[in-house]
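For reference, the chains in residue letters:
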Amino acid sequence: RGHLRLIMHLRGHGGSGKQTLCKFSSFAMNSSLKTYQTKAHYRQSDFRKDIKDFIAQAGAFRTSTLLLLNDKNVTADFILEDINNLLNTGEIANLFDSQTEWPNISSAIADYLNKIGKPETQELIYETFVEQTREFLHIFFCTSPVGDSFTMRISKFPSLINRKAPSSTISN
């Protein structure tokens, strides 16, 4: 537990190897490296659609997943707000549709609970999903310390640095 809280705050100017280090870390951890691309008029619903599969793979199917965030794909505060909530609680509220998406996730977790001899209650299924998301989803945020945007982001979304996250600095 606590792997979700692992957010590598790698500071350095462009070209200093932050993303390369994340890719190497993904390889070393035997994790699936995931990211997303923003486009014009990127909305919260677009972001949630993009990361839904990453969270499901980690939380329901116990797949080690590394989500790479950078200055180019963190284009709006709603992205950091969702990441902040994910770091705080292990979930993004109302991410999965309860009628169409949650039953598949719930079924996968129920199978896992059955294998380990635990009861398949809805409460335990949900708790297991959150716990496994925290364990198997790793968030790496590569950002530049140049300008005021870094300081503003940290003050608005304190979980980016306050969740027992190791801090590394890469300098040129």
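Computed from a predicted model, the values in this text were never measured in an experiment.

A.B. asks: Just checking my understanding: could you explain the side chain of Thr 128 for this structure?
C.D. replies: Within the secondary structure layout, Thr 128 lies in helix H5 (residues 122-136). Classification of Thr 128 by relative accessible area gives buried; the value is 10%.

A.B. asks: I would appreciate a short explanation of a nonpolar patch on the surface in the present structure.
C.D. replies: Among the surface-exposed residues, Leu 21, Phe 24 and Phe 27 lie close enough to one another that they form a single nonpolar patch of about 350 Å² accessible area. Mapped onto the elements, Leu 21 comes out in helix H1 (residues 18-28).

A.B. asks: When you look at the pattern of salt bridges in this model, what are you seeing that I'm missing?
C.D. replies: Close approach of charged atoms lets side chains of opposite charge pair. Counted according to the given criterion, the structure contains five salt bridges. Salt-bridge contacts for Arg 48 lead to Asp 82; the nearest nitrogen and oxygen are separated by 2.9 Å. Within this pair, whereas Arg 48 is found in helix H2 (residues 44-61), its partner Asp 82 is found in helix H3 (residues 77-89), the two being separated by 34 residues in sequence. Looking at Asp 82, the relative accessible area reads 1%, which means it is buried. Measuring nitrogen to oxygen at the nearest pair gives 3.1 Å for the salt bridge that ties Glu 101 to Lys 52. Taken as a pair, Glu 101 in the loop between H3 and helix H4 (102-115) and Lys 52 in helix H2 lie far apart in primary sequence, 49 residues in all. On the basis of relative accessibility, which here comes to 18%, the residue Lys 52 falls in the buried class.

A.B. asks: Could you clarify how one ought to interpret the layout of surface pockets in this entry?
C.D. replies: One water molecule sets the probe size; rolling that probe over the atoms shows where empty space is left. Taken as a whole, the second largest pocket holds about 150 Å³ of empty space. Lining the second largest pocket we find Arg 62, Tyr 112, Leu 113, Ile 116, Lys 118, Leu 124, Glu 127, Thr 128, Glu 131, Gln 132 and Glu 135. It is H5 that provides the largest number of residues to the lining of the second largest pocket, a total of six residues.

A.B. asks: Quick question: what am I supposed to make of the pairing of strand E4 (residues 137-143) here?
C.D. replies: Side chains on a regular strand alternate between the two faces of the sheet. Across the seven residues that make up E4, a large majority, seven, are buried. Judged by which residues are buried, E4 turns out to be covered on both faces: Leu 137, Ile 139, Phe 141 and Thr 143 on one side and His 138, Phe 140 and Cys 142 on the other are all buried. With six bridges joining them, strand E3 (residues 65-70) and E4 adopt parallel strand pairing. Within the sheet, the bridge partner assigned to Leu 68 lies in E4 and is Phe 140.

A.B. asks: Would you mind showing me how to read the packing of H2 against H4 here?
C.D. replies: Running from N to C, H2 and H4 cross one another at 25°; their axes reach a closest spacing of 9 Å. Between H2 and H4, the crossing angle belongs to the class labelled roughly parallel. Residues Ala 56, Gly 59, Ala 60 and Phe 61 of H2 pack against Ile 105, Ala 108 and Ile 109 of H4. Among the residues making up the contact of H2 with H4, the classes are represented as six nonpolar, one polar and no charged.

A.B. asks: Please explain the confidence of the model for the chain as it appears in this structure.
C.D. replies: In low-pLDDT segments, the atomic positions of the prediction should not be examined closely. Counting all residues, the mean pLDDT for the chain is 82, and 83% of those residues have values of 70 or more. The secondary-structure element of the chain with the lowest mean pLDDT is strand E5 (residues 167-169), recorded at 36, while H4 shows the highest, at 97. Contacts for the low-pLDDT stretch residues 1-8, under 50 throughout, to residues beyond four places or in other chains number 34 contacts. A low-confidence stretch, residues 164-172 stays under pLDDT 50, and its non-local contacts, those more than four residues away or across chains, total 23 contacts.

Procedures and definitions
Residues numbered from 1 in each chain as written. Predicted model: local features only at pLDDT ≥ 70, side-chain atom pairs only at ≥ 80, totals over all residues. Heavy atoms only, no water. Helix = DSSP H or I, 4+ residues; strand = E, 2+ residues; numbered from the N terminus. Buried < 20%, exposed > 50% of the residue type's maximum accessible area, 1.4 Å probe, protein only. Patch = residues over 30% accessible without salt bridge, like charges linked within 9 Å, V, L, I, M, F, W, Y side chains within 5 Å. Areas by Shrake-Rupley, 256 points an atom, 1.4 Å probe, with all protein chains shown as cover. Salt bridge = Lys/Arg side-chain N within 4 Å of Asp/Glu carboxyl O. 1 Å grid on protein atoms, 1.4 Å probe; cavity = no way out; pocket = protein on both sides within 12 Å on 5 of 7 lines; lining within 4 Å. Points joined across faces, edges and corners; volume = space filled by probe spheres on them. Pairing = 2+ DSSP bridges. Axes fitted to C-alpha atoms, helices over the stretch in contact; angles between N-to-C directions. Parallel < 35°, antiparallel > 145°, perpendicular 65-115°, else oblique. Contact = heavy atoms within 4.5 Å. Nonpolar A, V, L, I, M, F, W, Y, C, P; charged D, E, K, R; others polar. pLDDT = per-residue confidence, 0-100.

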